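One letter stands for each residue in the lines below.
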Amino acid sequence: FSVGSTAASGPEMGSLVVVSVSPKKDSGGDNKKDRRRGGRGGRGGRGGRGGRGGGRGGDSAHIDIPHQIISDDDSDDLQMIKQAQDIGVGVYNPSSMYRVRILCHASSHGALLKKVKQALQSNGTDKKASEREAMTLVLQTKLHESIQARLALNLPSDSTDSYRLVNGEGDGLSGLAVDVLGGKVAVVMSSAAWVEIHKESILKTLDTVLKEHPLYSKQDGLEVVWRNTPSRLKQDGYEISDDDELESDNNECVIVTESRVQYHTYPYGSSQKTGFYCDQRDNRLDVAKLCDGKRVLDLCCYNGGFALNAMVHGGASSCIGVDSSQDAIDAAIANAELNGLDESRIQFVRDDIAQYMKDANEDAKQYDVIVLDPPKLAPSVSGLERASRKYHALNRDAMKIMDKNEGGLLLTCTCSGAMTQKDGGNFFLQTVQNAALSAGRQVTLLRKSGAAPCHTQSPASYPAGNYLTAALFYVSPESK
């Protein structure tokens, strides 16, 4: 229920609401109550079908749920509020499958919850001012906590200045991610309606918190860049306007350092995601240590991360990176030059990886270490069957070009949460095992890992945060 709301349909999209459980039994029928209370807020507009939408008129269907509007001057309503047990504070969205995204749990942030409730009831009739004050309290607390967690991981450090500062649900800010690049830029990635609606508060609070950061305060914080994912926002019932979708033509380069390897990034332009994938940081370094004197093949190499680490930290005898994107190949070549690598030992090729492996097998080319890190092949559970066939084929073909006499190492990855989580993670491993049978090779699992720890997780409230599997297999020699 919504305290002080005059809208007959209840809270607007993006409103901060207090989620409570009332001891009073519902009488059933139309009188069932969905216990929500909080301030009004956001730029809610008409949208969806059959109710209050959000953003700028999204196409997502409004899903009616039982609720009751609570009046400030109704004594029975106020008495019910006093008896209710608060669960937490979240942002409301009538058009989303996530009806309320909890930002503050009573069990873990009791003191903060009390302050937020007080803020929501302040400023008299100016509910938007009350909500801004409450949202700032939440953001300040969560951002400070995320900074402390990264400092505990020694991030940033002398060897790494780029990392995930805020990881959505993992840091209690569902739909909001922030990457720090080069110790100069903080790139915000918005994927939820509430993030867009409260953009002003987020930008202002993030700027303030970064200026207070013990390692960034001397440089007056970081420059903040805002980016979003229109497809995810549309799923959340929020349509991006044409003005918001305009891509920047700023091609300014920011040099980032990860494990002492340098990369060009372009956070102001239209590069993928936030401009740099830092979730594979530890996996890149770990496999590099096993590449001394080895022939390395980096499939779906993007900006060359695995290949570069294999050369810089592993002393590989040769590295070949393959990607279907010319932009990715150009970036990888530039990064190899940036790190002063011998171009006779490392090269990058534009090709479809399936075709490349087929040609390599026909030409009897062999490798000692192969990294297979394709893009997301199973966006949802419904795509698992098709994706598993693709993973099977790719891993089978990779094993066929592994050194036939000595065997070698295969680091195979999936960034599809549906694949990682099915059967407790065993589904993907079994897919690789079946691929080995098809290739006529035997595999032994040496290690299974996930995303770098700066990609924090909340297993209890959001198990889907466990999206990345990186499995290291030893592929035995070909049977004689």
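Structure report, in brief.

Here is what the cut-offs are and how they apply
Residues numbered from 1 in each chain as written. Predicted model: local features only at pLDDT ≥ 70, side-chain atom pairs only at ≥ 80, totals over all residues. Heavy atoms only, no water. Helix = DSSP H or I, 4+ residues; strand = E, 2+ residues; numbered from the N terminus. Contact = heavy atoms within 4.5 Å. Axes fitted to C-alpha atoms, helices over the stretch in contact; angles between N-to-C directions. Parallel < 35°, antiparallel > 145°, perpendicular 65-115°, else oblique. Left-handed = near helix turned anticlockwise from the far one by under 90°. Core = buried A, V, L, I, M, F, W, Y, C linked by side-chain atoms within 4.5 Å. Buried < 20%, exposed > 50% of the residue type's maximum accessible area, 1.4 Å probe, protein only. Pairing = 2+ DSSP bridges.

Re the environment of Asp-351
(1) Moving on: Among the structural elements, Asp-351 can be located in the loop between strand 13 (346–350) and helix 11 (353–362).
(2) Moving on: Placed 25 residues apart in sequence, Asp-351 and Gln-326 show a C-alpha to C-alpha distance of 8.9 Å.
(3) Moving on: With residues up to four places along the chain from it excluded, the contact list for Asp-351 reads Val-322, Asp-323, Ser-324, Tyr-356 and Asp-359.

A word on the packing of helix 3 (residues 127–152) against helix 5 (residues 199–212)
(1) Moving on: The contact between helix 3 and helix 5 brings their axes to 9 Å, and the two run at 40°. Taken together, the axis directions place helix 3 and helix 5 in an arrangement best described as oblique. In this structure, helix 3 crosses over helix 5, and the sense of that crossing is right-handed. Between helix 3 and helix 5, the residues in contact are Arg-132, Met-135, Thr-136, Leu-139, Gln-140, Leu-143, His-144 and Ile-147 and Ser-201, Ile-202, Thr-205, Leu-206, Val-209 and Glu-212, respectively.

Observations concerning the nonpolar core
(1) Moving on: By size, the foremost hydrophobic cluster in this structure holds 39 residues, and its most contacted members are Leu-16, Leu-103, Leu-165, Leu-173, Leu-176, Val-178 and Trp-194.
(2) Moving on: Those residues in contact with Leu-176 that lie beyond four places of it in its chain are Val-166, Asn-167, Gly-168, Val-188, Met-189, Val-195 and Ile-202.

With respect to unusual backbone geometry
(1) Moving on: Leu-155 connects to Pro-156 through a cis peptide bond whose omega is 0°.
(2) Moving on: One non-glycine residue, Tyr-302, lies in positive phi territory at about 50°.
(3) Moving on: Along the polypeptide, Tyr-302 turns up in the loop between strand 11 (295–299) and helix 9 (305–312).

Thoughts on the sheet that holds strand 5 (residues 163–167)
(1) Moving on: Within the open sheet, the four strands sit side by side as 5-6-7-8. Their pairing is mixed. The open sheet terminates on both sides in strands that have one partner only, identified here as strand 5 and strand 8 (223–228). Direction aside, neighbouring strands of the sheet carry axes that sit 20° apart on average.
(2) Moving on: When strand 5 meets strand 6 (residues 176–181), the two strands line up antiparallel, connected through four bridges. What sits directly across from Asn-167, in strand 6, is Ala-177.
(3) Moving on: Where helix 5 meets the sheet, it contacts strand 5, strand 6, strand 7 (185–190) and strand 8, and its direction lies at approximately 145° from that of strand 8.

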